[in-house]
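The chain contents come next:
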Amino acid sequence: GAVPRAPRRSPASLVGVAAVRRLEALSAAADLHLGALLRTRTGLSGWARGPVASNDVCAMNKLLRSWRKRVGEDAFDINAVGEAVPFCALSLAARVGAARCAAELVRRWGAAPGTRDSECGATPLAEAAYRGNETMTALLLRAGADARECSRLRQPDVPHDLAMTPAGWADRRGNRAVAEMLRRAEAGATPAKRRAQGGSRARATTNATPAML
């Protein structure tokens, strides 16, 4: 007998399939390159620390350009998270303390400091606060990270349903200097604002007349 023919898909369904495959390809590309930021294959012998894990800005930029070329300018998203690697590039930098890479991601690539991971919703600022990294915390605050945002963290010593502000995470780990920096930021006194206020006070003093002084 004749072999029954498979039903033909409508143009609309074909568009839907193509869109799904495109999203899958973008997610796979994100996983590939985000993973390579932390670990780089050295051949059959094994793996080496990737550019972000090594805080190597030049190598990181080269890898990000490769990622952008692979997916296309319009589809490239520096804030993307993958399936196997549920963190954006800036979160990876915050987790490993790669301050030079984090600064480059913000300045050159436009990384958003409020991007949350897809694992538990942690922000780069929460990751930095938990680890007590003052340099990274100050960098993220200058980039516009919100110190009042609560988030969860996936850590062995943290209940899965616990959510706190970055200052709370710093306190939990005994990182007092970071916690104090974050509390000032919560009150609106970010490092940039404090410098601006200090400059304003200095100018006011310089321009004051003897009677005012």
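Look up: the structure comes first, before these words.
Read on for a plain summary of the structure. (Residues numbered from 1 in each chain as written. Predicted model: local features only at pLDDT ≥ 70, side-chain atom pairs only at ≥ 80, totals over all residues. Heavy atoms only, no water.)

A few points about the overall build of the protein
Looking only at helices and strands, the protein features 9 helices and 4 strands. Seen in sequence order, the protein has helices and strands lined up from the N terminus as α-β-β-α-α-α-α-α-β-β-α-α-α. Residues classed as buried in the protein amount to 39% of the 213 residues present. Contacts in the protein between residues far apart in sequence, at least 24 positions, make up 59% of those at least 6 positions apart. Accessible surface for the protein amounts to roughly 12300 Å². Of this, 53% is attributable to carbon and sulfur atoms. (Helix = DSSP H or I, 4+ residues; strand = E, 2+ residues; numbered from the N terminus. Buried < 20%, exposed > 50% of the residue type's maximum accessible area, 1.4 Å probe, protein only. Contact = heavy atoms within 4.5 Å. Areas by Shrake-Rupley, 256 points an atom, 1.4 Å probe, with all protein chains shown as cover.)

As for the side chain of Asp31
Within the secondary structure, Asp31 sits in helix H1 (residues 11–38). Buried charged residue Asp31 carries no salt bridge. Nearest counter-charge: Arg70, at 11 Å. One polar contact links the side chain of Asp31 to the main-chain amide nitrogen of Val85, over a distance of 2.8 Å. Not counting residues within four places of it along the chain, the set of residues in contact with Asp31 comprises Gly82, Glu83, Ala84 and Val85. (Lys, Arg positive; Asp, Glu negative; His and termini not counted. Salt bridge = Lys/Arg side-chain N within 4 Å of Asp/Glu carboxyl O. Polar contact = N/O pair within 3.5 Å; in protein donor to acceptor, adjacent residues only side chain to side chain.)

Looking at the packing of aromatic side chains
Counted by the stated rule, this structure contains 3 aromatic pairs. Geometrically, the ring pair formed by Tyr130 and Trp169 is edge-to-face, given 6.4 Å between the ring centres and 75° between the ring planes. Taken together, the positions of Tyr130 in helix H5 (residues 124–131) and Trp169 in helix H7 (residues 166–172) put the pair 39 residues apart, joining distant regions of the chain. The class of Tyr130 is buried, set by a relative accessible area of 5%. One aromatic cluster is present, formed by Trp67, Phe76 and Trp109 through successive ring pairs. Above the plane of the ring of Phe87 lies Arg95, whose end atom (NZ or CZ) is 4.2 Å from the centre. Arg173 extends its terminal NZ or CZ atom over the ring of Tyr130, reaching a point 4.4 Å from the ring centre. (Phe/Tyr/Trp six-rings, centres within 6.5 Å; stacked < 30°, edge-to-face > 60°. Lys NZ or Arg CZ within 6 Å of the ring centre and 35° of its normal.)

A few points about unusual backbone geometry
Of note, the phi angle at Asn55 is positive, near 60°, even though the residue is not glycine. Turning to its location among the elements, Asn55 is positioned in the loop between strand S2 (47–49) and helix H2 (57–71). Given the relative accessible area of 15%, Asn55 is considered buried.

Brief notes about the pattern of salt bridges
Should the charged atoms of two oppositely charged side chains come close, the side chains can pair. Applying the stated rule across the entire model yields 11 salt bridges. Across the pair Glu127 and Arg95 runs a salt bridge, and its minimum N-O distance is 3.1 Å. Of the two residues, Glu127 sits in helix H5 while Arg95 sits in helix H3 (residues 89–96), which places them 32 residues apart along the sequence. The exposure class of Glu127 is buried, given its relative accessible area of 2%. A single network of salt bridges, built from pairs that share partners, joins Arg95, Glu127 and Arg131.

A closer look at the nonpolar core
General note: in soluble globular proteins, nonpolar side chains tend to be found buried as a group. One finds Leu37, Trp67, Leu105 and Leu182 to be the most contacted residues of the largest nonpolar core, which totals 47 residues. Counting only elements with at least two residues in this core, the list comes to H1, H2, H3, helix H4 (99–107), H5, helix H6 (134–142), H7 and helix H8 (176–186). Broken down by element, this core gets its largest block of residues, 6 residues, from H2. Not counting residues within four places of it along the chain, the set of residues in contact with Leu105 comprises Met60, Leu64, Ile78, Ala89, Leu90, Ala93, Gly110 and Ala111. (Core = buried A, V, L, I, M, F, W, Y, C linked by side-chain atoms within 4.5 Å.)

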